[in-house]
Amino acid sequence: MSSPPIVSVKQVLRTEGVAVGDAVTIRGWIRTRRDSKAGLSFLQVHDGSCFDPVQVVAPGELDNYEDIQQLTTGASVICHGHVVESRGKGQSVEIKADAVEVIGLVDDPDTYPVPAKRHTFEYLREQAHLRVRTNTFSAIARVRHCLAQAIHRFFHDNGFYWVHTPIVTGSDCEGAGEMFRVSTLDLTNLPRTDAGEVDFSQDFFGKETNLTVSGQLNVESYCLALSKVYTFGPTFRAENSNTSRHLAEFWMIEPEIAFADLADDADLAEAFLKSIFKTLLEELPDDMGFFQQRIDETCIDRIEAFIESSFERMAYTEAIDRLEQAVAGGHTFEYPVQWGMDLQSEHERWLTETHVGRPVVVMDYPKDIKAFYMRMNDDGRTVAAMDVLAPGIGEIIGGSQREERLGVLDARIEEMGLEIDDYWWYRDLRRYGTVPHAGFGLGFERTMAFATGMANVRDLIPFPRTPRTATF
RNA sequence: UCCCCUGUAGCUCAAUUGGUAGAGCGAGCGGCUGUUAACCGCUAGGUUGCUGGUUCGAGUCCAGCCGGGGGAGCCA
């Protein structure tokens, strides 16, 4: 038995380690089959290795030609043949088959959920187990992988360590949004305390636990020993948010740097974003070309402009001034502009798209609209927080310098009505060799949305979890 | 969670003032072709999301429930 060597569709189409005339074996799934009554059949076969399928030409002389003519979209095959220059248009090389093994047919082609035709994204979400066989979703899968690898590579090349912060966390210490409870208690027969409350001391961990909403507090611990660290993992929010930008389970990246202030943080954010998008354009030109052609005609231009731009830095107070000047000049916003408020999406878009025309880092927000751990500025009314705003999408990164002074941190915890004992180990980091440090977070799926022009994060994660939906 | 829109063949959508359901794509069969969004012809395929109500009669009107989308809030 000497089958030709197994190669990927990508190797064939790009003649990587494969030359015209070579005998090869490819394995994959049928996208379409076209028969010629001249006695041959054209099979478009994809295997996920690249955007385009390869054309396999099956001559009528093959022993199982009748079986080959039963192949429909979605069927799986192993093809043995030779790489040849194509006689048709649309591809430079193709595979002249010497044998086509039919591995798995499609039960009922009439009801195959993803035939070779156009589908809405809403429909394909209901076929999430099969949607990755389409052009769009296989391209998304490759973009997701490419960006994930680019993120790890950027941090690794810059001396960062990847830290696996816990998925299950003790309660009360994170305070960002509704959390999913983790419990092994019998819901139909909950243990009670004398006071009649649920007795979590009998639960698996002996206390209330939840799925993480952020790895930041834990990663700060590693930052104050390893200097440069980051998290990249799943994150969970039990908020009842039904929008194109929210998931109950999503992936988040959170770098943290020691001996650093907010300006260092902004510099890191800028270098980071430019690096990963540059990698994406270099490594996946076919997939990105598809997004440009079929999903968002501006997406490559937008990313290239983003990479070329220097990010504007602007204080929150200055941003408010500019917005007020715009209002005075006749521009109307749905929400009023006033110092102390959080910037609405319309304000962010005006700043980055209309006013500056480039990415903007807004810094030093009012303390009352930001989290307890953000570092108090000398003015006593703002904290060292930043948001990176990008044209066309708005906020893409949120970050801050962390409060490293124990006394100031304690005052903030108390001021915001939090329980100081819950933060004992976080406070220890300020007691034992504290240093100025900073970090930021970005949602992976939102980053992908920016890169691809896809409108809904539910289409950017393989199996989306949203309120009332966890089908797959 | 709030506001708006929406649910009709496998998919995308039609269906006049309420009168008993149609097209394109896909699928099957046939024709044609080194084809590639192929093309031409024929055929099959629907308890109109669910429950109830109004009516001689409901895809169409009303109520509730369930699902989907957009926007808002929250945020990443």
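Let me sum up the structure you'll find in this document. (Residues numbered from 1 in each chain as written. Chains lettered and ligands numbered in written order. Predicted model: local features only at pLDDT ≥ 70, side-chain atom pairs only at ≥ 80, totals over all residues. Heavy atoms only, no water.)

## Considering the overall build of chain A
When you go through chain A residue by residue, the secondary structure sums to 13 helices and 16 strands. Oriented by its inertia axes, the alpha-carbon framework of chain A measures out at about 85 × 65 × 45 Å. A burial count over chain A gives 48% of its 472 residues as buried. Residue pairs in contact within chain A that sit at least 24 positions apart in sequence constitute 66% of those at least 6 positions apart. Accessible surface, chain A as shown: approximately 22,900 Å² in total, 49% of it carbon and sulfur. Of note, chain A has its 46 positive side-chain charges centred 4 Å away from the centre of its 73 negative side-chain charges. (Helix = DSSP H or I, 4+ residues; strand = E, 2+ residues; numbered from the N terminus. Buried < 20%, exposed > 50% of the residue type's maximum accessible area, 1.4 Å probe, protein only. Contact = heavy atoms within 4.5 Å. Areas by Shrake-Rupley, 256 points an atom, 1.4 Å probe, with all protein chains shown as cover. Lys, Arg positive; Asp, Glu negative; His and termini not counted. Charge placed at Lys NZ, Arg CZ, Asp CG, Glu CD.)

## Side note on a nonpolar patch on the surface
The grouping of Ile 167, Val 168, Phe 204 and Phe 205 at the surface amounts to a nonpolar patch, some 380 Å² of accessible area in total. Among the secondary structure elements, Phe 204 is positioned in the loop between strand 8 (181-182) and strand 9 (209-211). Its relative accessible area of 60% is what places Phe 204 among the exposed residues. (Patch = residues over 30% accessible without salt bridge, like charges linked within 9 Å, V, L, I, M, F, W, Y side chains within 5 Å. Salt bridge = Lys/Arg side-chain N within 4 Å of Asp/Glu carboxyl O.)

## Comments concerning the environment of Leu 262
Secondary-structure assignment places Leu 262 in helix 6 (residues 262-283). Classification of Leu 262 by relative accessible area gives buried; the value is 6%.

## Thoughts on the layout of surface pockets
The volume enclosed by the second largest pocket comes to roughly 510 Å³. Around the second largest pocket sit 24 residues that line it, and Lys 117, Arg 118, Thr 134, Asn 135 and Thr 136 are the ones nearest its centre. If you list the elements that add at least two residues to the lining of the second largest pocket, you get strand 1 (23-36), helix 3 (121-125), helix 4 (135-157) and helix 7 (285-295). Considered class by class, the residues forming the lining of the second largest pocket number 11 nonpolar, 8 polar and 5 charged. (1 Å grid on protein atoms, 1.4 Å probe; cavity = no way out; pocket = protein on both sides within 12 Å on 5 of 7 lines; lining within 4 Å. Points joined across faces, edges and corners; volume = space filled by probe spheres on them. Nonpolar A, V, L, I, M, F, W, Y, C, P; charged D, E, K, R; others polar.)

## Here's the deal with the nonpolar core
The biggest cluster of nonpolar side chains holds 84 residues, and the ones touching the most others in it are Val 100, Phe 272, Leu 273 and Phe 277. With 11 residues, the top contributor of residues to this core is helix 4. Residues in contact with Phe 277, not counting those within four places in the same chain, are Leu 147, Ile 303, Phe 306, Ile 307, Thr 447, Phe 450 and Ala 451. If you look at the next biggest cluster of nonpolar residues, it comprises 29 residues, including Leu 323, Met 374, Val 383 and Ala 385. (Core = buried A, V, L, I, M, F, W, Y, C linked by side-chain atoms within 4.5 Å.)

Nothing here speaks to function; it is all geometry.
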